[in-house]
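So the chains spell out like this:
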Amino acid sequence: GYAFWLEARKASSADSKALFRCGLFFGIAGALRLSSGVYMLVPLVDILWRDRERALRPLLVGAAAPVLLLGVVDWLTWGYPFHSFIEYVEHHLFEAPADRVGSWSFYFTESLWRRFGPLALLTVALLAASVRRAWPLALSLVLSTALLSFVPLKQDRFVMNNWPLLAAMLGIGLLEALRWA
């Protein structure tokens, strides 16, 4: 979804094919992993802010099929549409015992940075170098991590979408650093 969002973002006016694909892939991601929804906030606000009139229809049409399929599958398996979504929200936001897998608010940021070990300083430098060109990705990364940090149940699988964003930003940061050298 991010690739198609960035493709649509580069166009001078709304590219309906790119927006349809963006909606489709965001719909698939959201239907398969409900926590992926927070990663869609920045792209959706950006698209709607830039060209609301032309952007909304292809986005909704693209997202409709996977979301409706989720509803049908839940109806057939759970007895009514979107029951898995309701159960997911109840379990992760209201019933989850925080002491089971993490309790403090910024668990995810600590978890992500702990993995970088001695490369943490280089990582921070490359991320900083990428922000000028990749600010939409940086904003998505920061916002999604912050929002997921306040969910009571904390598991690393919720932030697995951070890794591609980090990799893209590190690549852009490396190109910027090489350009400066």
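In the block above lies the structure referred to throughout.
This write-up is about the structure you can find in this document. (Residues numbered from 1 in each chain as written. Predicted model: local features only at pLDDT ≥ 70, side-chain atom pairs only at ≥ 80, totals over all residues. Heavy atoms only, no water.)

### Examining the overall build of the chain
- Scanning the chain for helices and strands turns up seven helices and zero strands.
- Listed by position from the N terminus, the elements making up the chain come as α-α-α-α-α-α-α.
- Residues classed as buried in the chain amount to 37% of the 181 residues present.
- Long-range pairs, those at least 24 residues apart, make up 75% of the contacts in the chain between residues at least 6 apart in sequence.
- Within the structure as shown, the chain displays about 10600 Å² of accessible surface, and the carbon and sulfur contribution to it stands at 70%. (Helix = DSSP H or I, 4+ residues; strand = E, 2+ residues; numbered from the N terminus. Buried < 20%, exposed > 50% of the residue type's maximum accessible area, 1.4 Å probe, protein only. Contact = heavy atoms within 4.5 Å. Areas by Shrake-Rupley, 256 points an atom, 1.4 Å probe, with all protein chains shown as cover.)

### Quick notes on the packing of helix α6 (residues 120–149) against helix α7 (residues 162–180)
- One way to put it is that α6 packs onto α7 with a least axis distance of 6 Å and a crossing angle of 155°. The pairing of α6 with α7 is recorded here as roughly antiparallel in orientation. Like other packed secondary-structure pairs, α6 and α7 cross with a definite hand, here right-handed.
- Taken together, the residues of the contact of α6 with α7 sort by class into 17 nonpolar, seven polar and four charged. (Axes fitted to C-alpha atoms, helices over the stretch in contact; angles between N-to-C directions. Parallel < 35°, antiparallel > 145°, perpendicular 65-115°, else oblique. Left-handed = near helix turned anticlockwise from the far one by under 90°. Nonpolar A, V, L, I, M, F, W, Y, C, P; charged D, E, K, R; others polar.)

### As for the nonpolar core
- Ranked by internal contacts, the top residues of the largest apolar core, which has 27 residues, are Y2, W5, C22, I47, L137 and M169.
- Put simply, the parts of the chain that give this core at least two residues each are α1 (2–10), α2 (16–32), α3 (41–78), α6 and α7.
- Per-element tally for this core: the top contributor is α6, with six residues. (Core = buried A, V, L, I, M, F, W, Y, C linked by side-chain atoms within 4.5 Å.)

### Describing the layout of surface pockets
- One number sums up the size of the largest pocket: a volume of about 630 Å³.
- Together, 30 residues line the largest pocket, and G30, L34, G37, V38 and F85 are the ones closest to its centre.
- Counting residues per element, the ones that place at least two in the lining of the largest pocket are α2, α3, α4 (83–95) and α6.
- Considering every element that reaches the lining of the largest pocket, the biggest residue donor is α3, with nine residues.
- Residue classes in the lining of the largest pocket are distributed as 24 nonpolar, six polar and no charged.
- Considered as a void within the structure, the second largest pocket measures approximately 300 Å³ in volume.
- The wall of the second largest pocket is formed by 17 residues, among which G1, Y2, F26, Y39 and N161 lie closest to the centre.
- Here the residues of the lining of the second largest pocket sort into 13 nonpolar, three polar and one charged. (1 Å grid on protein atoms, 1.4 Å probe; cavity = no way out; pocket = protein on both sides within 12 Å on 5 of 7 lines; lining within 4 Å. Points joined across faces, edges and corners; volume = space filled by probe spheres on them.)

### Quick notes on the side chain of S36
- Mapped onto the secondary structure, S36 falls in the loop between α2 and α3.
- Residue S36 is classed as buried on the basis of its relative accessible area, which comes to 7%.
- Excluding anything up to four places from it in sequence, S36 contacts A29, G30 and N161.

### Let's talk about the pattern of salt bridges
- Within the structure shown, the criterion is met by three salt bridges.
- A salt bridge links R132 to E176, with the shortest nitrogen-to-oxygen separation between them at 3.1 Å. Of this pair, R132 sits in helix α6 while E176 is found in helix α7, placing the two residues 44 residues apart along the sequence.
- What makes E176 buried here is its relative accessible area of 1%.
- Residues joined in a network through salt bridges with shared partners are R132, R133, E176 and R179. (Salt bridge = Lys/Arg side-chain N within 4 Å of Asp/Glu carboxyl O.)

### Considerations on α6
- For α6, spanning 30 residues, the distance from its first C-alpha to its last is only 20 Å, which falls clearly below the expected 44 Å at 1.5 Å a residue.
- At A134, α6 shows its largest bend, some 110°, and a proline, P136, comes one to four positions later. (Expected span 1.5 Å × (residues − 1). Bend = angle between axes of the 7 residues up to and from the residue.)

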